[in-house]
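Okay, here's what each chain looks like letter by letter:
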Amino acid sequence: QQPVQSPQAVILREGEDAVINCSSSKALYSVHWYRQKHGEAPVFLMILLKGGEQKGHEKISASFNEKKQQSSLYLTASQLSYSGTYFCGTEEGSSNTGKLIFGQGTTLQVKP
Amino acid sequence: GAGVSQTPSNKVTEKGKYVELRCDPISGHTALYWYRQSLGQGPEFLIYFQGTGAADDSGLPNDRFFAVRPEGSVSTLKIQRTERGDSAVYLCASSLNGGWGDTQYFGPGTRLTVL
């Protein structure tokens, strides 16, 4: 079951903050966040694991509510380089292969 | 070190033809994944290799799609009798060990266009 991301699109001015949400109907083991710029590979940002462990970018923060199967990515003091499409990929608890199921993406545009 | 590489970067073929897409993972990574990404969508899982074996091929859409990883490193995704609906960007990712919570690093993808 594909996770649902919200909002679908965000436009910010440099220095503003944004929150991107990811919600699943399945029990999750982890949530992975990626940023993809047009025509490029998805770039790893962060993993949030069941139990509270996090791995990833120092300048990006995120949360994972295991009970609600929801994750949020917090982008603070946004920079022009933050522009791109953000995807969450969920790892369901029923699978131990690392297979990720991705949301439809949230497009972020940061303007000067 | 070098990241995940994929060749070709672009492939244009005609309906009904056979194509092969290649993925070269990060050295030392035992796990390799193939995903397919259509325009405006997130990547869609196709198949996962742990070493030489396909541990999960539940995402392959039909038997026209096949992938191999004979020596546990480079992988080839093979598509027979291509259809226009196969047009997409095919992404490869690798991770150190595979399984829960392992970081997947993506390659730049192969853009397949079926005319």
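One structure accompanies this document, and this report is about it. Note that the coordinates shown come from a computational prediction; the quantities given were computed from them, not determined experimentally.

## As for the pairing of strand 11 (residues 106–111) of chain A
Residues and elements named next belong to chain A.
Part 1: With burial as the criterion, only one face of strand 11 is covered, namely that bearing T106, L108 and V110; the residues T107, Q109 and K111 on the opposite face remain uncovered.
Part 2: In this structure, strand 9 (residues 84–92) lies alongside strand 11, joined through three bridges in antiparallel fashion. Within strand 11, the residue paired with G84 across the bridge is L108.

## What about the pattern of salt bridges?
Residue and element names in this part refer to chain B.
Part 1: Per the stated rule, a full pass over the model turns up four salt bridges over all chains.
Part 2: Where R36 meets E44, a salt bridge forms, and the shortest distance between an N and an O atom there is 3.8 Å.
Part 3: By relative accessible area, R36 is classed as buried at 13%.
Part 4: Where R64 meets E83, a salt bridge forms, and the shortest distance between an N and an O atom there is 3.5 Å.

## What about the interface of chain B and chain A?
Part 1: At the junction of the two partners, chain B supplies 21 residues and chain A supplies 25 residues.
Part 2: Summing both sides of the interface, chain B and chain A together bury roughly 1,800 Å²; the carbon and sulfur share of this comes to 57%.
Part 3: When the buried area of chain B at its contact with chain A is split by residue, B:W100, B:G101 and B:F106 rank highest and sum to 33% of it.
Part 4: The tally of links from chain B across to chain A stands at zero salt bridges.
Part 5: The tally of links from chain B across to chain A stands at seven residue pairs in polar contact (both at pLDDT 80 or more).
Part 6: Elements with a contribution of two residues or more to the side of chain B that touches chain A: strand 4 (31–37) and strand 5 (44–50) of chain B.
Part 7: Among the elements that line the side of chain B that touches chain A, the one with the most residues is strand 4 of chain B, at three residues.

Cut-offs applied
- Residues numbered from 1 in each chain as written.
- Chains lettered and ligands numbered in written order.
- Predicted model: local features only at pLDDT ≥ 70, side-chain atom pairs only at ≥ 80, totals over all residues.
- Heavy atoms only, no water.
- Buried < 20%, exposed > 50% of the residue type's maximum accessible area, 1.4 Å probe, protein only.
- Helix = DSSP H or I, 4+ residues; strand = E, 2+ residues; numbered from the N terminus.
- Pairing = 2+ DSSP bridges.
- Salt bridge = Lys/Arg side-chain N within 4 Å of Asp/Glu carboxyl O.
- Contact = heavy atoms within 4.5 Å.
- Buried area = accessible area lost by both parts, 1.4 Å probe.
- Polar contact = N/O pair within 3.5 Å; in protein donor to acceptor, adjacent residues only side chain to side chain.

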